[in-house]
Amino acid sequence: MAGSFRGAQRPSGGVRWPGALQRIPNAVRLRVSIPEASPRSGRGADEETLPAGLEDLPLPEGDMGLPLVGNSLEFFKDKSAFVAGRINKYGPVSKALVFGKPSVFVGGIDLLEKILVKEPDLLVQGPFSNLEKLAGPNSVMSLNGEDHHKMRMLLGPPFTKKGVHSRVPEIARLAEEQCMEWSQRSSVLFVEEVRRYAFGVLTEAALGLKYPLAGKWTKDAVLDVFRAWTAGLFSFGIDLPFTKFGKAMQCRSMLLEMINKVTKEVLEDDEHEGGLKSILLAQDEQGNGLTKEQREDSLLLLLFAGYDTTASTLSMAMLLLARNPQVWERMKEEQAAIVAEHGPDMTPEAVEAMAYTDAVVQETMRVRPASSGGIRVAAKTFQLNGRRVPKGWTVFPSTAVTASLFDPRWPQDTEFRPERHLGAQGAEARPHMAFGIGAHMCLGWYLSLVEAKVLLATLARGYEFTVADAHPRITVLPMPQPADGLPIMVKSRSALPARRRWNAGPEQ
């Protein structure tokens, strides 16, 4: 079984939240009713024409933190705990000062559906200063409305269910190669290794690229440049040659050179069948495809979006499996049954049959989601839960914390229990807002689910693992992940002595 090198026991396989967060007002646990504004006109912030009474509504409750820095330090220390604490203290709509700007944090399923699904014109994409500079202003992330919709349509084919299913054999090959390689080493740092796997899935499986790229760049060489590029995303944004951001901008130029050479080769290759070719040839209703700048910026963003998020989810899944060996045993039993029914090949039908493995991935995203929910800006002044949200204020839709703590089906329940997702249908089966909701929901959400399921299924079919420390310190930037890199030992089951099963010790 999966477990720990260390013998100390700790209770619960769930996620521990600060004690103050255990006392959530009942009102927050329920779906929130939204009062509608009066249609009468008035004057308000920024010379808007506001419905009558809107200018008289109070701002959201909440403190604005320290002078100058506001609440930024507390926010960056642990975004999830910060948001959950404010919901506990101030309710589902609260104000703060983050990034030097007045901000509103929104939690609760009904409120999130209002601003992200039912009335999407209330918000526009937010201030991603570093990411916009490093990915470029022409990516799908930077667009709104019809421009955003058209871009998603052009980029979408490789990420549809049909598109992902066509690449399952290639994803399975990458997963098996990784597991076999890990089993031949004394131990690996799982966080970095699974990033390599995620990068391979996106570039080789989804986009159909072959290394060395353009006959020149190996996967390791591309990854080195890409890592330096991502390091600039969470820096101070000072564009000097010796700073992280300055080096990242240099790496952007190198990545664009790779992208342009590879896209030229793909367009000239009549036999190329990967997702990149479909993106390059896609056209909208007017017959327009991606411009060179849109292609460059969007491919950079796709690489980033599929890199850290999947790695974070899989790293947290391995920790939770180590703490809950009974879940690991049930996954192995499911895979044995699937092999008996579908055969040993990892087919789309086999992946679709992995109900319990799917539940493990979804429960991991629920208790420790990779994304906090994104950033938006109020396009106009509007009311939310009886509070006034002024035009121009930053809005944080807190989808992750809502999924973790305020889902009305299991409010404040952080216990890791995958079976809660079995048998869910329709909206109840959605991946709990871990990928966002509404028009800007993650484009590659289905690919992320499948690649996570395939890797965990590959491990469960033929390997055993041991985590060095199943209770490491968790860092939260850029995504939740073990601070120690998650040292892990993987062994092929066929290589283990027949009289000895992999013993993890007592349940953690």
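Residues numbered from 1 in each chain as written. Predicted model: local features only at pLDDT ≥ 70, side-chain atom pairs only at ≥ 80, totals over all residues. Heavy atoms only, no water.

An unreviewed UniProt entry lists the chain under the name Cytochrome P450, with Ostreobium quekettii as the source organism.

**A short note on the overall build of the chain**
Secondary structure assignment for the chain yields 19 helices and 14 strands. Counting only residues that meet the buried cut, the chain has 57% of its 508 residues in that class. Excluding contacts between residues fewer than 6 apart, the proportion of contacts in the chain whose partners are at least 24 apart in sequence is 75%. (Helix = DSSP H or I, 4+ residues; strand = E, 2+ residues; numbered from the N terminus. Buried < 20%, exposed > 50% of the residue type's maximum accessible area, 1.4 Å probe, protein only. Contact = heavy atoms within 4.5 Å.)

**Focus on the UniProt feature "binding site: heme" (unreviewed entry) in the chain**
The feature "binding site: heme" (unreviewed entry), as given by UniProt, occupies Cys442 in the numbering adopted here. Within the secondary structure layout, Cys442 lies in the loop between α18 (399–405) and α19 (445–462). Sequence-distant contacts of Cys442, defined by excluding residues within four places in its chain, comprise Arg152 and Phe435. (UniProt positions renumbered as here; feature names shortened; annotations may be inferred.)

**Here's the deal with unusual backbone geometry**
In the segment running from Tyr211 into Pro212, the intervening peptide bond is cis, with an omega of 0°. Its place among the elements puts Pro212 in the loop between α9 (190–206) and α10 (219–231). The phi dihedral of Phe99 is positive, around 60°, even though this residue is not glycine. With respect to the secondary-structure elements, Phe99 resides in the loop between β3 (93–98) and β4 (101–106). Classification of Phe99 as partly exposed rests on a relative accessible area of 37%. For Leu486, which is not glycine, the phi dihedral falls at a positive 60°. Among the structural elements, Leu486 can be located in the loop between β13 (481–482) and β14 (487–492).

**Notes on the sheet that holds strand β10 (residues 394–397)**
The five strands lie next to each other as β3-β4-β10-β7-β5, forming an open sheet whose pairing is mixed. Two strands close off the open sheet at either side, each with one partner strand: β3 and β5 (123–125). Each neighbouring strand pair of the sheet contributes to a mean axis angle of 35°, computed without reference to strand direction. Inspection of the sheet shows strand β7 (residues 376–378) paired to β10 by two bridges, in the antiparallel sense. Within β10, the position partnered with Arg376 by the bridge is Val395. Lying over the sheet, helix α3 (residues 79–90) contacts β3 and β4, oriented at roughly 135° with respect to β3. (Pairing = 2+ DSSP bridges. Axes fitted to C-alpha atoms, helices over the stretch in contact; angles between N-to-C directions.)

**Examining the environment of Ile488**
When you line up the elements, Ile488 lands in strand β14. Residue classification places Ile488 among the buried positions, given a relative accessible area of 1%. Not counting residues within four places of it along the chain, the set of residues in contact with Ile488 comprises Ser187, Val188, Phe190, Met318, Phe465, Thr466 and Val467.

**What to know about α10**
An α-helix turns once every 3.6 residues. As a result, residues three or four positions apart point the same way. Over its 13 residues, α10 runs 18 Å from end to end, which matches the ideal 18 Å to within 8%, given 1.5 Å per residue. Along α10, the positions that sit buried rather than exposed are Lys219, Val222, Leu223, Val225, Phe226, Trp229 and Thr230. In an axial view of α10, the angular spread of the buried residues amounts to 165°, which keeps them on one side of the axis. Of the surrounding secondary structure, the elements contacted by the buried residues of α10 are α5 (129–135), α8 (168–183), α9, α11 (244–268) and α13 (292–305). (Expected span 1.5 Å × (residues − 1). Arc of directions from axis to C-beta.)

**Quick word on the pattern of salt bridges**
Taken as a whole, this structure holds 29 salt bridges when the rule is applied. The partner of Arg173 in a salt bridge is Glu170, and the shortest N-O contact between them spans 2.5 Å. Taken together, the residues span about one helical turn, with Arg173 and Glu170 both in helix α8 at a distance of three residues. Take Arg173: its relative accessible area is 31%, and that puts it in the partly exposed class. One salt bridge connects Asp220 with Arg196, and the closest N-O pair in it is separated by 2.4 Å. Of the two residues, Asp220 is situated in helix α10 and Arg196 in helix α9; the sequence distance between them amounts to 24 residues. Several salt bridges converge on common partners, so that one network encompasses Glu170, Arg173, Glu177, Glu204 and Lys219. (Salt bridge = Lys/Arg side-chain N within 4 Å of Asp/Glu carboxyl O.)

**So, the pairing of β10**
For a regular strand, the rule is simple: side chains alternate between the two faces of the sheet. Side chains Thr394 and Phe396 project from β10 onto one buried face, and the interleaved Val395 and Pro397 project onto a second face that is buried too. Bridging between β4 and β10 involves four bridges; their strand directions are parallel. When the sheet's bridge partners are listed, Phe105 is paired in β10 with Phe396.

**Examining the sheet that holds strand β6 (residues 188–189)**
A sheet is described by the order of its strands in space; here three strands give the open sequence β6-β14-β11, paired in antiparallel fashion. Both edges of this open sheet fall to β6 and β11 (463–467), since each of them pairs with a single strand only. Where β11 and β14 come together, five bridges link them in antiparallel fashion. Looking across to β14, one finds that Thr466 is bridged to Met489.

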